[in-house]
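Listed below are the residues making up each chain.
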Amino acid sequence: MARKRSTSKPTTAKRASAPTVRRTIKPSTLLDTRIVYSGDCLDQLAKLPDGCVDLIYIDPPFNSNRNYEVFWGETKEKRAFEDRHASTAAYIDYMRPRCVELSRVLKKTGSFYYHCDWHASHYVKVMLDQIFGENSFQNEIIWKRTGAHNDPRRYGANVDSIFFYTGGGSHTWNPIYVPHNDKYIARFRNVDPDGRRWTDDNLTAKGLSGGGYDYEYKGCRSLWRCPIETMRRLDAEDKLHFTGKGGIRIKRYLDENKGVPLQALWDDISPINSQAHEALGYPTQKPLALLDRIIKASSNPNDIVLDGFCGCGTALVAAQNLDRQWIGIDISPTACRVMAKRLQDVCKIREDEDLWRSGRGFVVRGLPWTEENLRKLPPFEFENWAVISLGGIPNKTQVGDMGIDGRIFPVTATPKKVGTAKGETPAFEQFLDHWYPIQVKQKNKVGRPDIDSFEAVMTREDRVKGFFVSFDYTRDALREIDAFFRKSGKVIIPLTVREILDEQIAQKLV
Ligand SMILES: C[S@@+](CC[C@H](N)C(=O)[O-])C[C@H]1O[C@@H](n2cnc3c(N)ncnc32)[C@H](O)[C@@H]1O
């Protein structure tokens, strides 16, 4: 398929002639960077100009039953997504227009990486050949995703495929070398007085096509690989090894060896385990080391890196740490909030419009935070929005949540004793035990039965305070909250979406 030239006017893009007041160097006057867009990448990409991005990495939801497309646990949205991609053909139909847009925004000198697995990889390759052109295909990288996979009655499927295409011009390429194996290193068994380890290598051209240089050097006549001037220079630099048998060989030093050029089989990057420092708890999160490698190989500082399905933002964090410019897109508002927090925590850059305008910081655009849009959000996303807005932590699973959608750990809840004397609960656990439940209902009016069941949760969990979020409450519901307080001394705070949007909740949270 031919590359489409955009006819749409870039709305977020700036015109080249527009005056710029930014203080820092911008990679392109046509494009704003350090932005996370919330929305379908198909729509967001349509707003970008042609040929503006240096490197694209995508890791879209697979056509798999492993439920990659949502962040947390079992939800109705996940099942809906599975149904939509019920067949590989439907998955490819979904991805094709998005990949066409990605190919349009890629520079001729740019590179494109598509991360997938065996479920659809063969179909993805055919689609990408059609979009980018077979000649633009560079590699299929095989990444060993897990140590071992116990797949009954077949070989363990423990690898992912990452297809690497380029934009059709002379693409950016920074070769990466990895250390030789121990067996190879053991060959450097000779040691110079200064401690440098070396092995020797052939200097004769015997058996090589293309001839050589026939001369005698220090009593040894042969057909040599180098002219006599080079031989003399090597000798002066003490790089010749005169063998006992009258032969001459060249010394190869271990410390001059760059290593092995990286091959297409990557088995040296471990998956993220739950204990890893970078782990955020999402099943789809990719290791930073993987993105570091791709970004280093296929871009230079200040180049623009784009991830159209950026999940919890691994590519953006790697790009920021490597001094690249970046653009992230994700359809899930929750993902966008999570990656904003990760960028702030890990990269120490602030989400701040003014800072961003002055060339630092970053911004998140397109979050559907109006009452009208929030009503339309899938329930899972709505719950996450509400819990995160209150500064709480959403439940990872929707099944078995026992009526709690999230928890607030109040800052005032520092444990009294920090010591861990015998029989004392450790400080961290004391802290973890101090929380307030959050219940979220995406309803126009929450009634008394909803409050009754939240009261049961608070009694069961022995909590003194809890938060309820909804669009509104019936009079009966509010009366019941009052009665519950008088009866039990426990406080339920009913919050409306409007109050949260208007940021009127701070006092109620104390
Ligand atoms: C496998 S995850 C990406 C994980 C990411 N590589 C990381 O390390 O965190 C796929 C992401 O694609 C997002 N997504 C699905 N369809 C999308 C679309 N049409 N446009 C943008 N994002 C989409 C999902 O919300 C999900 O966060």
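What this report covers is the structure whose coordinates are included nearby. (Residues numbered from 1 in each chain as written. Predicted model: local features only at pLDDT ≥ 70, side-chain atom pairs only at ≥ 80, totals over all residues. Heavy atoms only, no water.)

Focus on the overall build of the chain
Each helix and strand in the chain was counted, giving 17 helices and 22 strands. Split into buried and exposed, the 510 residues of the chain put 46% on the buried side. Across the chain, the fraction of contacts at a sequence separation of at least 24, relative to all contacts at a separation of at least 6, is 67%. (Helix = DSSP H or I, 4+ residues; strand = E, 2+ residues; numbered from the N terminus. Buried < 20%, exposed > 50% of the residue type's maximum accessible area, 1.4 Å probe, protein only. Contact = heavy atoms within 4.5 Å.)

Examining the nonpolar core
Grouped together as the largest cluster of nonpolar side chains are 37 residues, with contacts concentrated most on Phe112, Tyr114, Val124 and Leu128. Per-element tally for this core: the top contributor is helix H3 (residues 88–105), with eight residues. Once residues lying within four places of it in the same chain are set aside, the contact partners of Tyr114 are Ile58, Pro60, Tyr91, Met95, Cys99, Val124, Met127, Leu128, Ser161, Ile162 and Phe163. If you look at the next biggest cluster of nonpolar residues, it comprises 34 residues, including Val36, Ile295, Val305 and Trp326. (Core = buried A, V, L, I, M, F, W, Y, C linked by side-chain atoms within 4.5 Å.)

Quick word on the site of the ligand
Close to the ligand lie 22 residues; Asp59, Tyr94, Lys286, Thr314 and Asp330 are nearest. In the model, an oxygen atom of the ligand is placed 2.7 Å from a nitrogen or oxygen of the Thr314 side chain. Contact with the protein chains covers 98% of the free accessible surface of the ligand, which is 610 Å². A class-by-class count of the residues in the shell around the ligand yields eight nonpolar, eight polar and six charged. (Near = heavy atom within 4 Å. Polar contact = N/O pair within 3.5 Å; in protein donor to acceptor, adjacent residues only side chain to side chain. Areas by Shrake-Rupley, 256 points an atom, 1.4 Å probe, with all protein chains shown as cover. Nonpolar A, V, L, I, M, F, W, Y, C, P; charged D, E, K, R; others polar.)

So, H3
In a regular helix each residue adds 1.5 Å, so 18 residues correspond to 26 Å; H3 covers 26 Å between its end C-alpha atoms and thus fits that length. Its axis deflected by about 30° at Arg96, H3 carries its strongest bend there, up to four residues before the proline Pro97. Turning to H3, its buried residues are Tyr91, Ile92, Tyr94, Met95, Arg98, Cys99, Val100, Glu101, Leu102, Ser103, Arg104 and Val105. (Expected span 1.5 Å × (residues − 1). Bend = angle between axes of the 7 residues up to and from the residue.)

A word on the sheet that holds strand E1 (residues 35–38)
If you walk across this open sheet you meet the nine strands as E14-E4-E5-E3-E2-E15-E16-E1-E17, and the pairing is mixed. The sheet is open, and its two borders are formed by strand E14 (265–266) and strand E17 (363–365), each paired with just one other strand. Taken strand by strand, helix H8 (residues 314–321) contacts E1, strand E2 (53–58), strand E15 (304–307) and strand E16 (325–330), and its axis lies near 170° from that of E16. Where helix H9 (residues 333–347) meets the sheet, its contacts fall on E1, E16 and E17, and the angle it forms with E1 comes to roughly 165°. (Pairing = 2+ DSSP bridges. Axes fitted to C-alpha atoms, helices over the stretch in contact; angles between N-to-C directions.)

Thoughts on the pairing of strand E22 (residues 491–496)
As paired elements, strand E21 (residues 465–470) and E22 share six bridges and run parallel to each other. Residue pairing in the sheet places Lys465 in a bridge with Val491 of E22. The parallel pair E21 and E22, bridged by helix H15 (residues 475–488), forms a crossover whose chirality is right-handed. (Right-handed = clockwise from strand over helix to strand, strands pointing away.)

Here we look at the packing of aromatic side chains
Between two aromatic rings, the relevant description is the distance of the centres plus the angle of the planes. For the structure on display, the rule yields 14 aromatic pairs. Pairing Phe468 with Tyr473 gives two aromatic rings, centres 6.1 Å apart and planes at 80°, and the pair type is edge-to-face. Accessibility assignment for this pair places Phe468 and Tyr473 in one class, buried. Grouping aromatic residues by their ring pairs yields a cluster made of Phe112, Tyr114, Phe132, Phe137 and Tyr165. Between the NZ or CZ atom of Arg154 and the centre of the ring of Trp118, over which it lies, the distance is 4.8 Å. If you follow Arg375 out to its NZ or CZ, it ends over the ring of Phe471, 4.1 Å from the centre. (Phe/Tyr/Trp six-rings, centres within 6.5 Å; stacked < 30°, edge-to-face > 60°. Lys NZ or Arg CZ within 6 Å of the ring centre and 35° of its normal.)

Overview of the environment of Gly328
Mapped onto the secondary structure, Gly328 falls in strand E16. Since its relative accessible area comes to 0%, Gly328 is described here as buried. Sequence separation of Gly328 and Val36 is 292 residues, and the distance between their C-alpha atoms is 4.6 Å. Each residue touching Gly328, except ones within four places of it in the same chain, is listed here: Ile35, Val36, Tyr37, Asp307, Cys310 and Leu316.

Overview of the packing of H9 against helix H12 (residues 379–389)
Where H9 meets H12, the closest approach of the two axes is 9 Å, and the angle between their N-to-C directions is 30°. Contacts between H9 and H12 involve Pro333, Thr334 and Arg337 from the former and Glu381, Asn384 and Ile388 from the latter. In terms of residue class, the contact of H9 with H12 is built from two nonpolar, two polar and two charged.

Section: the state of the cysteines
Taken as a whole and judged by the stated rule, the model has zero disulfides. Considering cysteine sulfurs only, Cys310 is the nearest to Cys312, which forms no disulfide, with 9.1 Å between them. (Disulfide = S-S within 2.5 Å.)

Focus on the pattern of salt bridges
Note that side chains of opposite charge can pair when their charged atoms are close. Tallied over the full model, the rule gives 36 salt bridges. Of the charged contacts in the structure, one is a salt bridge between Arg154 and Asp151, with a shortest N-O distance of 3.6 Å. On the accessibility criterion, Arg154 (45% relative accessible area) is partly exposed. A relative accessible area of 12% places Asp151 in the buried class. Bridged by salt links that share partners, the residues Arg196, Arg233, Glu237, Lys239, Asp255 and Glu256 form one connected network. (Salt bridge = Lys/Arg side-chain N within 4 Å of Asp/Glu carboxyl O.)

Some points on helix H7 (residues 288–298)
In terms of burial, H7 is a largely internal element, eight of the 11 residues being buried. If you check which residues of H7 are buried, you get Leu288, Leu290, Leu291, Arg293, Ile294, Ile295, Ala297 and Ser298.

Examining the side chain of Glu480
Note on placement: Glu480 falls in helix H15. In terms of polar contacts, Glu480 uses its side chain to reach the side chain of Arg448, at 3.1 Å.

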